[in-house]
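Observations on chain architecture
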Amino acid sequence: MSEAAAPGPLRLGLLGNPNSGKTTLFNALTGLRARVGNYPGVTVERREADIDLDGRRAVVIDLPGTYSLEPLSEDEAIVSRVLAGDVAEVPPPDALVVVADACSLERSLAFVGDIVRRGLPTCLVLTMLDELHARGGRLDRERLEAALGIPVIEVIGHRGIGIDRLRALLPAPETWSTPPLPPPAERDERARWADSVLSHVLSTRPGRHRLTDAIDRVVLHPMLGVALFVVVMTCFFQLIFAWASPLMDAIDGGVAVLGEAARAGLPPGLLADFVVDGVIAGVGSVVIFLPQIVLLFALLHLLEDVGYMARAAFVVDRVMGWVGLEGRAFVALLSSYACAVPGIMATRTISDRRDRLLTILVAPLMSCSARLPVYAILIAAFVPPALVLGFVPLRGVVLGLLYLLGIVVAVIAAIVIRKTLVRGPTADFVMELPPYRVPSLRNVGLRVYDRSKDFAWKAGTIIFAMSIVVWALGYFPRSSEVLDRYESKREELAANLEGDELEEARSRLDNEERGALLRASALGRMGRAIEPVVRPLGWDWRIGMAVLAAFPAREVVVSTLGIVYDLGEEGAEQEERLVTRIRNTKWPDGSRIFTVPVALSLMVFFALCCQCGATVATIRRETNSWRWAIFAFTYLTVLAYVAALLTYQVGTALA
Amino acid sequence: MKTNVDFKKCTLAELPPGSEGVVCAVDDSFPIASRMLDLGLRPETTVRVVRRAPLGDPIELELRGYRLCLRRCDAGSVIVRRTA
């Protein structure tokens, strides 16, 4: 199968059970050179890296961790299809490197045998030997090599021990020894073969991992375990919130400074507006997600590498099972309270495709931090600062109810989607509880880097494109009638006023002009066009337009309302005035637009709607299909509309 | 450990925490049966139930040098002979 003379790089496939140390080995061999993508047509992550092996170019392919080559899950199907050369654009590997944890070789040897018998040049890398020895296990490498007939190399990946020997072996798979007699093809026979090989090579079985036993007595204790789970998850969430927000504020500030600098350096007009409000703001809308993504994945991988994530899933699995999800979905959903983007990315730890899809589809219902400014403005405008039962602030209660609404709807949606779209038997929840280990910061760092890069390029480009489109819709057409009118008003001011008074009047006029231009823009026309649709929710066309403008990023609704009500877009003072202005806007017949039912319907809409281009782009990226992204967007929007409609109609009927 | 050892067959889901058994067979009618074999729950394999999760499900098992967690509905596919 492998021709030494064949042109092109040597393709090395890396295989192994989950938790075998495969990723650590991949990183040790390749460093920062990994390319991350998807296999065509499926959601399985594809990782490859080019390396140089003593002058021979090679591609290392990190195949998904799997327990078997029998295709049970999508991951496993892709492994056997890649080996068979059955995946478009992915040539089959020339040689295989099988990674096995020496402590659980009793489980994985039959799998190793199944790979060896397929006839590609294969070598076996044993990992975790330090752990095997610490647990009193003895394994004879030479005998294993003789029994399997293939090269066997011992490696301690995180310390780099054995990597040099592996690198020396890899460039010449033609020279690797091959078994005189391949392992049996029939499964039960192969299992017996594996057990008999083991009885020859494993002179002492590893004992229990004492430290793990001791820690688990606390961590998985019926009472202490649950308490610890709550504490760890609370800290996890708090840290993402507390550490990300100053960074995000800094990015916001940086984008503003950059925008001002660009505006100062460019002649006023279309180019300056495009660069500042289109390009720089668009890049900002991608970069703003990075602090949360980096922090979330750093913490997540740290907890995973230590071994706690599997324990957390073990503790909470029963609860998640009630809504047809599994334990590993918990962290993804919790993270979605900070931001659905990293939350959806975190579903990669869920091995079953249907479970993962279901988790992705309900994640946007968790009330993310970008909804808070919207709630804050509307609650400040319409909920009196009263106390319920004498001590609970009513505003807090309303906020809590909005969060609760997201959870309740998510539970219902999960159950309904499980029974309709992603039907099928509840997935098997099969998970190893690996021993506690000291995490490798290098590994964690590499994975965080991979994820962030992947987000910035794969989802970021879509987010950027969407923000440019919305900018253009709100900018064009430039009504010359409006521009001329405000130009003459400015001249009038300059003739009549001076000093501070002039400055103040000018800035008021600028804000009015921005509002007038926005109302005359394509977006403004769209707002008017959809007024019949939003009218039953109690909204006027200006609210409709602000909601439209907020589809790429929901928090934009605050600044858009600010502009459309001629207040400009920045500052706390503006926010106060916005609250007043919202209270006082009227319908043509003189009645107030914003009443309590209108505010409630708007808040309910924001609680449920998928007004986040980044979420849609991330769903597209993670499911590798526009179909699910569009479905998520559509079902959430319809849900939000219906709920807002009910809220307004019932609210009006009661009031 | 109990002194009166119960040699009767039962499923892995029924073994109480702390007890041990030897796998007799995996029930083919479960869709997960093939996965159980891949995970090393093959006939003649000794398996110990380490504990149950705080809410009773899933369960933690020890076999072939590693720890595995399974839901009890899936563990029901594995028939064992209790040995300790």
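Residues numbered from 1 in each chain as written. Chains lettered and ligands numbered in written order. Predicted model: local features only at pLDDT ≥ 70, side-chain atom pairs only at ≥ 80, totals over all residues.

Quick look at the overall build of chain B
Tallying secondary structure elements over chain B gives two helices and six strands in all. Reading chain B from its N terminus to its C terminus gives the helix and strand order β-β-α-β-β-β-α-β. For a compact globule of 84 residues, the expected C-alpha radius of gyration is about 12 Å, and chain B comes in at 12 Å, within 12% of that figure. Seen through its principal axes, chain B has C-alpha atoms that stretch 35 × 30 × 25 Å. Within chain B, contacts between residues at least 6 apart in sequence are counted, and of these 59% link residues at least 24 apart. (Helix = DSSP H or I, 4+ residues; strand = E, 2+ residues; numbered from the N terminus. Rg over C-alpha atoms; globule rule 2.2 N^0.38 Å. Contact = placed C-beta atoms within 7 Å.)

Digging into the overall build of chain A
Across its full length, chain A carries 28 helices and 12 strands. With the C-alpha coordinates aligned to their principal axes, the bounding extent of chain A is approximately 100 × 60 × 40 Å.

Quick word on the nonpolar core
Nonpolar side chains in soluble globular proteins generally cluster together in the buried interior. All names here are of chain A. Core analysis: the biggest nonpolar cluster contains 193 residues, and Leu 14, Val 98, Leu 124, Val 125 and Met 603 have the highest contact counts within it. Ranked by the residues each element gives to this core, the list is headed by helix H26 (residues 596-608), at 10 residues. Setting aside chain neighbours within four positions, we find Leu 124 in contact with Val 98, Ala 100, Val 112, Leu 148, Ile 150 and Val 152. (Core = buried A, V, L, I, M, F, W, Y, C linked by C-beta atoms within 7 Å. Buried ≥ 20, exposed ≤ 12 C-beta atoms within 10 Å, placed from the backbone.)

Considerations on the interface of chain B and chain A
Listed per partner, the contact involves 25 residues of chain B and 27 residues of chain A. Sheet topology places strand S12 (residues 431-432) of chain A next to strand S5 (residues 66-70) of chain B; two bridges connect them, and they run antiparallel. Bridge pairing in S5(B) places Met431(A) opposite Cys69(B). (Pairing = 2+ DSSP bridges.)

Overview of the domain arrangement of chain A
Segmentation of chain A into domains returns domain 1 (10-207), domain 2 (224-371 + 398-446) and domain 3 (479-654). One C-alpha centre belongs to domain 1 of chain A, the other to domain 3 of chain A; they are set 57 Å apart. (Domains from an automatic or database assignment.)

Brief notes about the packing of helix H16 (residues 372-382) of chain A against H26(A)
All names here are of chain A. Close contact between H16 and H26 brings their axes to 10 Å; oriented N to C, the two are set at 165 degrees. It follows from the interaxial angle that H16 and H26 lie roughly antiparallel. When the axes of H16 and H26 are compared, the crossing they make is left-handed. Here H16 contributes Val 374, Tyr 375, Leu 378, Ala 381 and Phe 382 to the contact with H26, which in turn contributes Val 596, Ala 599, Leu 602, Met 603 and Phe 606. Split by residue class, the contact of H16 with H26 holds 10 nonpolar, no polar and no charged. (Axes fitted to C-alpha atoms, helices over the stretch in contact; angles between N-to-C directions. Parallel < 35°, antiparallel > 145°, perpendicular 65-115°, else oblique. Left-handed = near helix turned anticlockwise from the far one by under 90°. Nonpolar A, V, L, I, M, F, W, Y, C, P; charged D, E, K, R; others polar.)

Quick notes on the sheet that holds strand S4 (residues 56-62) of chain A
Residues and elements named next belong to chain A. Overall, mixed pairing links the seven strands, which are arranged S2-S3-S4-S1-S5-S6-S8 in an open sheet. The two strands at the open ends of the sheet, each matched to only one other strand, are strand S2 (34-38) and strand S8 (152-154). Across the sheet, the axes of successive neighbouring strands diverge by a mean angle of 25 degrees, strand direction being ignored. Two elements, strand S1 (residues 10-16) and strand S5 (residues 95-101), share five bridges in a ladder whose sense is parallel.

A few points about the sheet that holds strand S2 (residues 20-26) of chain B
Hydrogen bonds along the backbone pair up the strands of a sheet, which may run parallel or antiparallel. With antiparallel pairing, seven strands are arranged side by side in an open sheet as S12(A)-S5(B)-S4(B)-S3(B)-S2(B)-S6(B)-S1(B). Strands at the two margins of the open sheet, each flanked by one partner only, are S12 of chain A together with strand S1 (9-11) of chain B.

Side note on helix H19 (residues 480-496) of chain A
Spanning 17 residues, H19(A) covers 24 Å between terminal C-alpha atoms, matching the ideal 24 Å at 1.5 Å per step. Counting buried positions over the 17 residues of H19(A) gives zero, only a small fraction of the element. (Expected span 1.5 Å × (residues − 1).)

Examining the pairing of S5(B)
Residue and element names in this part refer to chain B. Among the five residues of S5, five are classified as buried, and the element is accordingly described as predominantly covered. Side-chain alternation along S5 places Tyr 66, Leu 68 and Leu 70 on one buried face and Arg 67 and Cys 69 on a second face that is also buried. In terms of strand pairing, strand S4 (residues 59-63) meets S5 through five bridges, oriented antiparallel. Within S5, the residue paired with Leu 61 across the bridge is Leu 68. Connecting the antiparallel pair S4 and S5 is a turn made up of two residues, with Arg 64 showing a positive phi of about 45 degrees.

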